[in-house]
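Below are the chains, spelled out letter by letter.
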2 protein chains.
Amino acid sequence: MANISESIEQFIIATMGDNDYVEISRNSLAEYFSCAPSQINYVLDTRFTVDRGYVKESRRGGGGFIKISKIKNTDTNAYLNGLILESVGDELSAKRMLQILDKLVSDNIVTDKESVIIVTALSDDSLSMPFTIKDKIRAKAFKNILLKLMVKE
Amino acid sequence: MANISESIEQFIIATMGDNDYVEISRNSLAEYFSCAPSQINYVLDTRFTVDRGYVKESRRGGGGFIKISKIKNTDTNAYLNGLILESVGDELSAKRMLQILDKLVSDNIVTDKESVIIVTALSDDSLSMPFTIKDKIRAKAFKNILLKLMVKE
DNA sequence: TGTATTTTGACCATCTTTGACTAATGGTTA
DNA sequence: TAACCATTAGTCAAAGATGGTCAAAATACA
């Protein structure tokens with residue numbers, strides 16, 4: 001194991017074990033490995049990415065933490081992941097989003113009400129901004145939602 | 001639960017239990033948690049806010065107290081209407097939205113998952129745009145959602 | 001040798017904790 | 001009753017405790 005980053009990665013994976021998440025303290029970990037705290041971010045950014053099936057949350061200040069969660073390998077998640085990679089892309093029209101949501105509803109992945117909420121939140125009316133960026137924002141937001149759905153279940 | 005503030009919050013919530021109010025003595029509580037009395041105010045100011053559905057009264061001097069009461073919503077539509085027309089306004093920070101959603105969840109107006117969806121859809125990350133308009137867009141979108149949450153009769 | 005990856009550090013953002021100073025209230029005393 | 005005192009709570013700003021970002025420097029790799 002030639003570099004520290006790899007050791008840190010292994011350490012985090014080992015700590016997580018079979019659990020589906022782990023909470024770390026950035027500073028403690030950095031101290032443990034005698035490295036700069038920002039190196040922890042480097043490891044997280046390069047190794048614990050969405051592509052590799054991880055999502056992260058964190059809080060600053062006293063009692064702060066970084067929580068790393070594993071995205072479970074279910075059929076639903078595989079499907080959602082496919083959507084993120086292929087169907088959505090960098091831009092997403094309201095119409096296209098509606099089509100996708102209809103399918104998600106009929107597959108019982110989201111409820112009717114949840115669908116309404118998403119449609120409303122990301123409608124053209126809600127996103128009152130120039131057209132050029134509307135579809136970009138919607139794509140980004142919608143993908144974030146799909147991602148959350150993967151962790152939530 | 002690494003920080004004292006969170007413990008204090010939990011303690012107050014637990015003490016309140018199913019009652020709709022609780023009275024505390026700032027100094028006693030501070031002593032109990034071995035913290036500065038003003039930290040009690042900090043907890044009250046950051047956690048027991050109106051947005052989250054609490055109001056506070058207090059009196060100084062001998063026999064002084066702090067009373068924390070839950071706001072009960074008898075009429076969901078009226079509450080939502082108040083949010084839309086008065087409370088939310090033209091700009092809404094992610095933080096404040098979260099507090100409002102906390103209350104909506106505890107009032108069973110939205111589910112946990114729905115709350116997560118809304119938070120995600122309208123997070124700073126999803127709304128990747130200049131800060132100045134972020135809060136405006138969020139306010140608009142959030143009010144649109146609240147409107148949809150109103151039950152028709 | 002040139003490129004990609006890793007390591008470091010300076011500076012930033014956010015949340016918590018502490019303490020000095022202030023304000024209000026009720027009882028006690030002159 | 002007025003002045004005073006003890007007992008509370010309130011405010012606010014500084015200090016402390018975390019994590020985030022970014023780019024330069026160092027190192028590894030092809």
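Analysis parameters
- Residues numbered from 1 in each chain as written.
- Chains lettered and ligands numbered in written order.
- Predicted model: local features only at pLDDT ≥ 70, side-chain atom pairs only at ≥ 80, totals over all residues.
- Heavy atoms only, no water.
- Helix = DSSP H or I, 4+ residues; strand = E, 2+ residues; numbered from the N terminus.
- Contact = heavy atoms within 4.5 Å.
- Buried area = accessible area lost by both parts, 1.4 Å probe.
- Salt bridge = Lys/Arg side-chain N within 4 Å of Asp/Glu carboxyl O.
- Polar contact = N/O pair within 3.5 Å; in protein donor to acceptor, adjacent residues only side chain to side chain.
- Nonpolar A, V, L, I, M, F, W, Y, C, P; charged D, E, K, R; others polar.
- Near = heavy atom within 4 Å.
- Domains from an automatic or database assignment.
- Pairing = 2+ DSSP bridges.
- Axes fitted to C-alpha atoms, helices over the stretch in contact; angles between N-to-C directions.
- Buried < 20%, exposed > 50% of the residue type's maximum accessible area, 1.4 Å probe, protein only.
- Phe/Tyr/Trp six-rings, centres within 6.5 Å; stacked < 30°, edge-to-face > 60°.
- Parallel < 35°, antiparallel > 145°, perpendicular 65-115°, else oblique.

Here the focus is the overall build of chain A. On a plain count of helices and strands, chain A comes out with seven helices and three strands. When the helices and strands of chain A are read in sequence order from the N terminus, they spell out α-β-α-α-β-β-α-α-α-α. Seen along its three principal axes, the alpha-carbon backbone of chain A occupies a region of about 50 × 35 × 30 Å. Excluding contacts between residues fewer than 6 apart, the proportion of contacts in chain A whose partners are at least 24 apart in sequence is 56%.

A few words now on the interface of chain B and chain A. Counting residues at the interface gives 26 residues for chain B and 26 residues for chain A. Counting each side, the surface lost to burial between chain B and chain A is near 2300 Å², with a carbon and sulfur contribution of 66%. Where chain B touches chain A, the interface holds five salt bridges. Note that Arg59 of chain A and Glu6 of chain B form a salt bridge whose closest N and O atoms lie 2.7 Å from each other. Linking chain B to chain A there are ten residue pairs in polar contact (both at pLDDT 80 or more). Elements that contribute at least two residues to the side of chain B that touches chain A include exactly helix H6 (112–121) and helix H7 (131–149) of chain B. Element by element, the count of residues in the side of chain B that touches chain A is highest for H6 of chain B, at eight residues. Considering only residue class, the side of chain B that touches chain A consists of 14 nonpolar, five polar and seven charged.

By nearness alone, 29 residues border DNA strand D, and Arg26, Asn27 and Asn41 of chain A together with Asn27 and Asn41 of chain B come closest of all. Counting only the atoms of DNA strand D within 4 Å of the protein, the fraction contributed by sugar and phosphate is 60%. Contact distances for DNA strand D include 2.7 Å between a phosphate oxygen and a side-chain N or O atom of Asn41 of chain A.

In the vicinity of DNA strand C lie 26 residues, with Ser38, Gln39 and Tyr42 of chain A together with Gln39 and Tyr42 of chain B positioned nearest. In this structure, Ser38 of chain B approaches DNA strand C through a side-chain N or O atom, which is 2.4 Å from a base oxygen. Within the side chain of Gln39 of chain B, an N or O atom sits 2.3 Å from a phosphate oxygen of DNA strand C. When residues of the surface near DNA strand C are traced back to their parent elements, those giving at least two are helix H1 (4–16) and helix H3 (37–47) of chain A together with helix H1 (4–16) and helix H3 (37–47) of chain B. Counted by class, the surface near DNA strand C contains eight nonpolar, twelve polar and six charged residues.

The next point concerns the domain arrangement of chain A. Taken domain by domain, chain A consists of domain 1 (4–70) and domain 2 (76–150). The distance between the C-alpha centroids of domain 1 of chain A and domain 2 of chain A comes to 29 Å.

Moving on, we come to the sheet that holds strand S1 (residues 21–24) of chain B. Residue and element names in this part refer to chain B. As summarised here, the arrangement of the three strands in space is S1-S3-S2, forming an open sheet in which the pairing is antiparallel. One side of each edge strand has no neighbouring strand; the edge strands of this open sheet are S1 and strand S2 (54–59). With strand direction ignored, the average angle separating the axes of adjacent strands in the sheet is 15°. Of the pairings in the sheet, the one linking S2 to strand S3 (residues 65–70) comprises six bridges and is antiparallel in character. Paired with Arg59 across the two strands is Phe65, which belongs to S3. Where H1 meets the sheet, it contacts S1, S2 and S3, and its direction lies at approximately 125° from that of S1.

Our next topic: the environment of Tyr32 of chain B. Residue and element names in this part refer to chain B. Structurally, the position occupied by Tyr32 is in helix H2 (residues 26–32). In this structure Tyr32 comes out as exposed when scored by relative accessible area, which is 57%. Spatially, the C-alpha atoms of Tyr32 and Ile8 are 9.7 Å apart, while their sequence positions differ by 24 residues.

Residue and element names in this part refer to chain A. In this sheet, strand S3 (residues 65–70) lies alongside strand S1 (residues 21–24) in antiparallel orientation, the contact comprising four bridges. Its bridge partner being in S3, Ile24 is matched across the sheet by Ile66. Counting the residues that bridge the hairpin from strand S2 (residues 54–59) to S3 gives five residues, and of these Gly61 lies at a positive phi of roughly 75°.

Residue and element names in this part refer to chain B. If you walk through the whole model with that rule in mind, you get eight aromatic pairs over all chains. On the numbers, 5.5 Å between centres and 85° between planes, the contact of Phe11 with Phe33 is edge-to-face. Separated by 22 residues along the polypeptide, Phe11 in helix H1 and Phe33 in the loop between H2 and H3 bring together distant segments of the chain. Measuring from ring centre to ring centre gives 5.0 Å for Tyr32 and Phe33, while their planes differ by 90°; the resulting arrangement is edge-to-face.

Residue and element names in this part refer to chain B. Between H1 and H3, whose axes approach to 10 Å, the crossing angle comes to 70°. Judged by the inter-axis angle, H1 sits roughly perpendicular to H3. Counting all contacts with H1, which are made through Ile4, Ser5, Glu6, Ile8, Glu9 and Ile12, the residues of H3 involved are Gln39, Ile40, Tyr42, Val43, Leu44 and Arg47. Class assignment of the residues belonging to the contact of H1 with H3 gives a composition of seven nonpolar, two polar and three charged.

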